[in-house]
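Each chain, letter by letter, is given below.
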Amino acid sequence: MAGVSLLPLMLALAAQPESGEPVPPPPPADWEARLGADTDDAMIDGRRRPGYEAPLPERVTQDNKGAIRPPPPEAFPTDQIPLPDRWRLIQTLGVVKERWSDPYHQNTYKGDRPICIPSDEEKERREKEGLPPCATPKLLGLKGEDWFFAINAVSDTVIEPRSFPLPVGIQYPERPGSNDVFGRSASLAASQTFLFGVALIKGLTAFKPPDYEYRLTLAYNVNWAKVQERRILFIQPSYDRERLDHFLGVQEAFVDKHWRNVSDRFDFDSIRLGIQPFQADFRGFLFNDNQLGIRLFGNRDNNRFQYNLAAFWRLEKDTNSGLNSVVDKPRRDFVFFANLYRQDFLIPSLTSEIIVAWNHNREGGEVFTDDNGFPVRPALIGNLGGRDYDVVYLGYAADGHVGRLNLTATTYGLFGTERKSQFTGRQAKIRAFFAAGELSYDVNWARFRLSGLFASADKDPFDDIETGYDAIFENPIFAGADTSYWIRQSVPFIGGGRAIGINGRNGILNSLRSSKEQGQSNFVNPGTQLLGVGGDFDLTPQFRVSTNANHLWFGDTSILQTLRSEGSIPRDIGWDLSLSTIWRPKATQNIVFRFSGAALLPGAGFRDLFTNSGTNRNYYSLLANLVLSY
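Residues numbered from 1 in each chain as written. Predicted model: local features only at pLDDT ≥ 70, side-chain atom pairs only at ≥ 80, totals over all residues. Heavy atoms only, no water.

Draft legend 1. Examining the environment of H401 more closely. With respect to the helices, strands and loops of the structure, H401 is situated in strand β13 (residues 388–402). With a relative accessible area of 35%, H401 lands in the partly exposed category. The spacing of H401 and Y441 is 40 residues in sequence and 9.5 Å in space, taken between C-alpha atoms. Excluding its chain neighbours within four sequence positions, the residues that come into contact with H401 are P348, S349, L350, N406 and L407. A polar side-chain atom of H401 sits 3.0 Å from the main-chain carbonyl oxygen of G403. (Helix = DSSP H or I, 4+ residues; strand = E, 2+ residues; numbered from the N terminus. Buried < 20%, exposed > 50% of the residue type's maximum accessible area, 1.4 Å probe, protein only. Contact = heavy atoms within 4.5 Å. Polar contact = N/O pair within 3.5 Å; in protein donor to acceptor, adjacent residues only side chain to side chain.)

Here it is as structure tokens:
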């Protein structure tokens, strides 16, 4: 029946014994109340019944005669409490004591804390007003309290024994009676560069770009070289086989203005004017330099898009150091860039870039010689005539990973016009192509790499189409970079002029330019092909070993046959083998030791073009480098 509990009857039946045994007593009348109380207080699997609250413990009392009671809340100011600014709070607590020479902890001279040099009167006034004691020095004429000052100092020391084909001076050979075309190949170079930079930055830059940035970086270089033959370091045959030179260059001098924010995530637009660094693509194949220009840059869509619009007026460079010269008139060579980066495109984890670059060169009517007396514009090749050209680079680049494969790839199509070809004197069209890619795979502390590069060649120097690819100012980080023999060393080319190199120093293209720093681009060249493998091995957090084995070819040797008046020259350049080590004793970039060795094992094409005295057929490049940074 409704309202009647059957539980007592069920319990009694369940407890009914077999015949002959005593019957247990029935449950108490208040069994339901007892069961409910026990259930409320019980813990079931570490949980309590919702809404249940255990009784509070007894009140704690303390008998402390003579103790002073804390002040009431109204005794404290309600608006603000004077405290050190958040950058110096840790120092006020005694956790860190700032030292100007310490680059590892908070340091005002490294931009970790705002400038703060208030007078005693200013400090007292700010304390009375409840303001932090930090204030920007009035002597600088700066407004606001969020100005930061940063100093950068770098010492870069290089010692470089090397060998490459050296021509024998015709007018004044080092060894009288010698009639060899090539002489002794060994040489030695040493370079010491000191960089010192200062920056003044306004704004809290943890989550947004600076409001203003003023930056100046000077570089002072002392370089020394010794070779075995004359007319290598100087055009004058009477000059010595050693050269000591020095130069002070301006590598950065710009003003950066934060124009506006376009979203609450600090997507922004900024403008930068002056001598500034710019790298056109991920690996520096087209343009990687510090030049005078103006750049509009920013991002969109929570930093998924980044863009650059830039125009550069190229500065003249010092011949032996490669640093910017602001005392010489800038070149009549202008470069315009527009590029756009998109993260997670075409696939997630891959950043894609599209780029358009225009090189507008009007140096055809001038004659320019470098500091060692060698003509560089126009180049001593072909008809020795001056050249004006307009070329447009259309490119796509990608960098990221596809699954566990790391991928970087760059392609360029080159289109343009040259007013006077250096072989025909007629106007010529420029059509060339470039592609490079690298796949790598990580296995714990090791990375294995496969590299490939193709730069188109010109097959007929006397037609009206130039198809040899050349960059504007390359500094490639690829296939071993500057530890590779072919990238590190410039191999002189004799036919067509003594001041022409097969390739350029710190460049990978066989462009037959007079100089990468001071010469013009050359679109009548034999092209470049490379296929290589390599590996990076992080043996410890401080020590890395890298290996590279690259095979190189000319794309087409028609231009070389023309300049050398030879009927046939093979395409094989040879094997470029290198081994390098990097040691960072502090596991940071403040102290870096680099040691590397590279060898070029010449192929049939290289041996056809070059030889040396004796039986030594291989060439080497050794590098000892110490970089100290503050």
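Read on for the rest.
Draft legend 2. Here's a closer look at the pairing of strand β6 (residues 268–279). Here eight bridges tie strand β5 (residues 242–261) to β6, and the two strands are oriented antiparallel to one another. If you follow A253 over to β6, its bridge partner there is I275. Counting the residues between successive antiparallel strands, the hairpin from β5 to β6 contains six residues, one of them, F266, with a positive phi of roughly 65°. One ladder, built from 11 bridges, connects β6 with strand β7 (residues 288–300); its direction is antiparallel. (Pairing = 2+ DSSP bridges.)

Draft legend 3. Representation of empty space enclosed by the protein in the model. Under the counting rule described, the total for this entry stands at five cavities of 30 Å³ or more. Taken as a whole, the largest cavity holds about 60 Å³ of empty space. In this structure, the second largest cavity occupies an estimated 50 Å³ of space. Every residue along the wall of the second largest cavity is listed here: V376, A379, I381, R387, Q422, L512, R513, S514, G519, Q520 and N522. Among the residues making up the lining of the second largest cavity, the classes are represented as four nonpolar, five polar and two charged. (1 Å grid on protein atoms, 1.4 Å probe; cavity = no way out; pocket = protein on both sides within 12 Å on 5 of 7 lines; lining within 4 Å. Points joined across faces, edges and corners; volume = space filled by probe spheres on them. Nonpolar A, V, L, I, M, F, W, Y, C, P; charged D, E, K, R; others polar.)

Draft legend 4. Quick peek at the packing of aromatic side chains. Counting across every chain of the model gives 28 aromatic pairs. A ring pair is formed by F278 and F337, whose centres lie 5.0 Å apart and whose planes are at 40°; its orientation type is tilted. One end of the pair, F278, is in strand β6; the other, F337, is in strand β9 (residues 333–342), with 59 residues separating them in the sequence. Each member of the pair, F278 as well as F337, carries the same accessibility label: buried. The interplanar angle of 70° and the centroid separation of 5.7 Å between the aromatic rings of F606 and Y619 together place this pair among those described as edge-to-face. Of the two residues, F606 sits in helix α7 (residues 604–609) while Y619 sits in strand β24 (residues 619–629), which places them 13 residues apart along the sequence. Assigned by exposure class, F606 and Y619 land together as buried. Counting every residue linked through ring pairs, the aromatic cluster contains F285, Y393, Y412, F434, Y469 and F478. The side chain of R272 reaches across the aromatic face of F254, ending 4.2 Å from its centre. (Phe/Tyr/Trp six-rings, centres within 6.5 Å; stacked < 30°, edge-to-face > 60°. Lys NZ or Arg CZ within 6 Å of the ring centre and 35° of its normal.)

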